[in-house]
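Examination of the molecular architecture
One letter stands for each residue in the lines below.
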Amino acid sequence: MEVWSESASQLSQSVTLQLEEGESVHILHPRQIISFQGNPSHREDRLMDITGMYRKRKLIQSQIRGSAQLMIGLPAGYSLQTIPIQDDCDLLFEWKHVLFYTEGMRVERKVQTLKNAIITRELVKMKFSSHDGQLGILSHGPLHRIELHPEFPTYIDVGCLVAYPENARLTPRVYGNTLASQHMNYHWEIMGRGYALVQTGKSDSQLEQDIEGDGFIKRILREVIPFGGIIIK
């Protein structure tokens, strides 16, 4: 199977999958399919299992068989990265980041601890393995690998973690001094061997306002100086 973007940008708004005869792919967000070229009978929609229905808040996934070509639209600000999956892959993923996976992929469900499930609002992580498969991961911004250490912790924002090794130990934490810990999202304190995958397109409404609008000092001066709104542009 070939996968390519419709532009050179990492945040291209669509990807195209080219399937040869005998190849097959499962699409977990079938409403994102923009176009399809192939025999109509080569698309088969089916009900997800109960776990998939719960996690995706939807009922349907699509199986596409080759030969066929399809274009999939991506939400604004999101990117797609195709990850090769082998039999020894030990990464645990969340369903919400999985856009597609190739036929023959084996899926194992790993139940989280209750504490971690409450924080992530996800009860089950998914482990994929295959002799030679591909996993399409949807992320807010490009994906980045972070090497983990078995003894020294790495802190990763809970909302940015996409996948981590099954052997890793995760504990929800904040870190730094009192002021820092009071003004941050929960982070995972992670120790283990291997690497974690993080999405790097983190949103910050205050940062966006500062970049697009006026600086903090200018806003204060506008308020405290008489006629500041007229004088200071």
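This structure is a prediction, so every number in the text was calculated from the model and none was measured.

Some thoughts on the packing of aromatic side chains
The full count for this structure, using the stated rule, is five aromatic pairs. Measuring from ring centre to ring centre gives 6.0 Å for F93 and F128, while their planes differ by 65°; the resulting arrangement is edge-to-face. Placement of F93 in strand 9 (residues 91-93) and of F128 in strand 12 (residues 124-129) is noted, with a sequence separation of 35 residues between them. By relative accessible area, F128 is classed as buried at 0%. Relative to F128, the ring of Y101 has its centre 6.0 Å away and its plane inclined at 45°; by these criteria the two rings are tilted. On the criterion of sequence distance, the pair formed by Y101 in strand 10 (residues 98-102) and F128 in strand 12 is long-range, its members being 27 residues apart.

Some remarks on the nonpolar core
Judged by nonpolar contacts, the single largest core of 20 residues is most densely connected at F93, V98, Y101, F128, L135, I137 and L197. Only strand 8 (78-85), strand 9, strand 10, strand 12, strand 13 (133-140) and strand 16 (161-165) provide two or more residues apiece to this core. Of the residues forming this core, the biggest block, three residues, is contributed by strand 12. Ranked by size, the runner-up nonpolar core spans 16 residues in total, among them M1, L17, V25 and L99.

What about the sheet that holds strand 8?
Spatially, six strands are ordered 5-6-3-10-13-8 in an open sheet, and the strand pairing comes out antiparallel. Each of the sheet's edge strands pairs with one partner strand only, and the pair in question is strand 5 (43-47) and strand 8. For this sheet the average axis-to-axis angle between neighbouring strands, irrespective of direction, equals 20°.

Rules used throughout
- Residues numbered from 1 in each chain as written.
- Predicted model: local features only at pLDDT ≥ 70, side-chain atom pairs only at ≥ 80, totals over all residues.
- Heavy atoms only, no water.
- Phe/Tyr/Trp six-rings, centres within 6.5 Å; stacked < 30°, edge-to-face > 60°.
- Helix = DSSP H or I, 4+ residues; strand = E, 2+ residues; numbered from the N terminus.
- Buried < 20%, exposed > 50% of the residue type's maximum accessible area, 1.4 Å probe, protein only.
- Core = buried A, V, L, I, M, F, W, Y, C linked by side-chain atoms within 4.5 Å.
- Pairing = 2+ DSSP bridges.
- Axes fitted to C-alpha atoms, helices over the stretch in contact; angles between N-to-C directions.

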